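# An overview of the molecular structure
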Amino acid sequence: MVKKKSKVQKITLKSIFRLIVFILIVYGLINVLSQEKKPTTTLTDPTLYIGENIGGQILGTVYSNLPQDSRNQLENFQDTYLGKLYFDSSKYISEQLNGFPKKQINQLKKDLINKISQDLINSIDSQ
């Protein structure tokens with residue numbers, strides 16, 4: 001019987017560097033994934049969106065200094081021409097997609113199952 005020589009593991013600067021990079025990546029991922037998600041606000045109240053989410057107090061004060069006509073346009077965006085165009089376009093696009101991503105995923109699953117079952121049947125027949 002021939003014995004194989006076992007390799008001695010050496011700790012090099014390269015392996016220490018790789019370990020440090022790995023630890024930093026894992027630590028960063030844990031921190032990012034463990035953060036609480038902030039609740040999302042809807043676009044129906046532009047004062048909340050501008051005042052709290054984008055720039056806090058700075059944009060809130062800018063918004064409060066806007067003329068009343070501009071504020072009304074922002075608050076009633078869905079009633080303006082651009083607002084109607086935006087909402088109608090997004091509705092049209094979602095209707096045209098007609099569940100596209102879900103249908104595509106289901107079709108891929110079916111194709112995969114069919115391919116695997118056909119391969120299994122062929123392997124049984126060839127034996």
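Residues numbered from 1 in each chain as written. Predicted model: local features only at pLDDT ≥ 70, side-chain atom pairs only at ≥ 80, totals over all residues. Heavy atoms only, no water.

### Examining the overall build of the protein chain
For clarity, the cut-off: Helix and strand definitions here come from DSSP, where helices need a minimum of 4 consecutive H or I residues and strands a minimum of 2 consecutive E residues; each element is numbered from the N-terminal end. When a residue's accessible area, from a 1.4 Å probe over protein chains only, is under 20% of the maximum for its type it is buried; when over 50% it is exposed; and in between it is partly exposed.
Along the backbone of the protein chain there are 6 helices and 0 strands. Relative to its full complement of 127 residues, the protein chain shows a buried share of 4%.

### What to know about the pattern of salt bridges
How we decide: Should a side-chain nitrogen of Lys or Arg be within 4 Å of a carboxyl oxygen of Asp or Glu, the pair is scored as a salt bridge.
Across all of its chains, the model carries 1 salt bridge by this definition. With a closest N to O distance of 3.6 Å, Lys115 and Asp119 form a salt bridge. Residue Lys115 and its partner Asp119 are located together in helix α6 (residues 100–126), separated by 4 residues, close to a single helical turn.

### Quick word on a nonpolar patch on the surface
Rules: Two joining distances apply to patches: 9 Å for like charges and 5 Å for nonpolar side chains (Val, Leu, Ile, Met, Phe, Trp, Tyr), and every residue must have over 30% relative accessible area and no salt bridge. All accessibility values rest on the Shrake-Rupley procedure with a 1.4 Å probe; residue burial counts only the protein chains present in the view.
Nonpolar side chains collect at one region of the surface, where Phe17, Val21, Ile25, Leu29, Val32 and Leu33 lie side by side and expose about 620 Å² of accessible area between them. By the element assignment, Val21 lies in helix α1 (residues 13–34).

### Comments concerning the confidence of the model for the protein chain
Detailed reading of the predicted coordinates is not advisable wherever pLDDT falls low. How we decide: Across the chain, each position has a pLDDT score giving the predictor's confidence in that residue, from 0 to 100.
Here the protein chain averages 80 in pLDDT, and 80% of its residues register 70 or above. Within the protein chain, helix α2 (residues 46–54) has the poorest average pLDDT of any element, 50, and α1 the best, 91.

### Notes on the packing of aromatic side chains
We apply this condition: Pairing of aromatic rings covers Phe, Tyr and Trp, the last counted by its six-membered ring, and requires centre-to-centre distances within 6.5 Å; plane angles under 30 degrees mean stacked, over 60 mean edge-to-face, and any other angle means tilted.
For the coordinates displayed, the defined rule picks out 2 aromatic pairs. With centroids separated by 6.5 Å and ring planes inclined at 65°, the aromatic side chains of Phe77 and Phe87 adopt a geometry described as edge-to-face. With Phe77 in the loop between α4 (68–75) and α5 (81–97) and Phe87 in helix α5, this pair connects stretches of sequence that are 10 residues apart. Accessibility expressed as a relative area gives 33% for Phe77, which makes it partly exposed. Among the residues examined, Phe87 registers a relative accessible area of 36% and is labelled partly exposed. A ring pair is formed by Tyr86 and Phe87, whose centres lie 5.2 Å apart and whose planes are at 70°; its orientation type is edge-to-face. Through pairs of rings, three or more aromatic residues link up here, namely Phe77, Tyr86 and Phe87.

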